[in-house]
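Structural description and commentary
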Amino acid sequence: MSGERIRLTAADGFEFDGYVARPAGTPRAGVVILPEIFGVNSHMRSVADRYAGWGYLAVAPSVFDRVEPGLDLGYGDDDVRKGQALMKLIDWDDAVKDIEAAGAFAAQAGKVGIVGFCWGGTAAWVTAARGTGFACAVSYYGNAIPTVLQPTPRIPMMLHWGERDHLVSREKMMEPGRAAPEAAVHFYATGHGFNCDQRDLYHAESAALAQQRTLAFLDEHLA
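Residues numbered from 1 in each chain as written. Predicted model: local features only at pLDDT ≥ 70, side-chain atom pairs only at ≥ 80, totals over all residues. Heavy atoms only, no water.

For the rest of this paragraph, the subject is empty space enclosed by the protein. One simple way to see leftover space: roll a probe sized like a water molecule over the atoms. Counting across every chain of the model gives one cavity of 30 Å³ or more. Quantified by volume, the largest cavity comes out at close to 40 Å³. In terms of lining residues, the largest cavity is bounded by Pro35, Gly39, Val40, Pro61, Ser62, Val63, Phe64, Asp65 and Leu71. Considering only residue class, the lining of the largest cavity consists of six nonpolar, two polar and one charged. (1 Å grid on protein atoms, 1.4 Å probe; cavity = no way out; pocket = protein on both sides within 12 Å on 5 of 7 lines; lining within 4 Å. Points joined across faces, edges and corners; volume = space filled by probe spheres on them. Nonpolar A, V, L, I, M, F, W, Y, C, P; charged D, E, K, R; others polar.)

Structure follows, in structure tokens:
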């Protein structure tokens, strides 16, 4: 397994960075890893590395490059404020173009799925509804999904929510499942960001269960 920086080109000609982690042997499939508001930082690269360890060709596109090239933030208060400001500048149509470019790269391994976190979790929903070339998508705590419910995903979708998420109410968390009743929706006795082992929001038990469910979902739809 090895990770490296790559350049990707979107359908409109925009060139941007990405990080790719390759499995040791023949990939079982491809997966696009979509970041939180902190960019393709050390945590997102480690997530891509883990998926490569599970046999996937994992691509983490720098989807913030159109507004802040090379975004790589930590988790301090200033980092949070900067990430929150930048995410408001991203156009969803542009984001889908960039995610599709990452998917096209990952498609050298066969079918491609999406796994997104926080902002990336919302982007996973949006791309599942508007994008092409993907077989399934997984969203972790995509708290802005209720603001982009329509159109709904056209591919199999799994959603993970921390039921004590401080960024979105439980009632709002229920809306995506009602809008897309065929989606697999899971709730965990924790809060936002529970998969990130670099933050005090991390909840190991919930992260492990969500990961188990995600891998089974990917295996079902990318085999």
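Taken across its six residues, strand S3 (residues 29–34) has six buried, putting it largely inside the fold. The two faces of S3 match: Ala29, Val31 and Ile33 on one face and Gly30, Val32 and Leu34 on the other face are all buried. Both S3 and strand S4 (residues 56–61) contribute to a ladder of four bridges, which runs parallel. Looking across to S4, one finds that Val32 is bridged to Val59. The handedness of the S3 to S4 crossover, carried by helix H1 (residues 42–53), is right-handed. (Buried < 20%, exposed > 50% of the residue type's maximum accessible area, 1.4 Å probe, protein only. Helix = DSSP H or I, 4+ residues; strand = E, 2+ residues; numbered from the N terminus. Pairing = 2+ DSSP bridges. Right-handed = clockwise from strand over helix to strand, strands pointing away.)

Okay, the UniProt feature "domain: Dienelactone hydrolase" (unreviewed entry) in the chain next. Residues annotated by UniProt as "domain: Dienelactone hydrolase" (unreviewed entry) correspond here to residues 16–221. Overall, residues 16–221 shows 38% helix and 20% strand. The separation of its end C-alpha atoms is 28 Å. (UniProt positions renumbered as here; feature names shortened; annotations may be inferred.)

Counting residues in hydrophobic clusters, the biggest one holds 48 residues, and the most contacted among them are Val32, Ile99, Trp119, Trp125 and Met157. Leaving out residues up to four positions away in the same chain, Ile99 has contacts with Val32, Leu34, Val63, Ile114, Ala123, Thr127 and Phe134. Counting 29 residues, the second largest nonpolar core, distinct from the first, contains Val47, Tyr56, Leu218 and Leu222. (Core = buried A, V, L, I, M, F, W, Y, C linked by side-chain atoms within 4.5 Å. Contact = heavy atoms within 4.5 Å.)

Here Thr214 lies in helix H6 (residues 204–222). A polar contact of 3.2 Å, which involves the side chain of Thr214, links it to the side chain of Tyr140. Apart from the residues lying within four places of it in its own chain, the contact partners of Thr214 are Tyr51, Val115, Val138, Tyr140, Met158 and His160. (Polar contact = N/O pair within 3.5 Å; in protein donor to acceptor, adjacent residues only side chain to side chain.)

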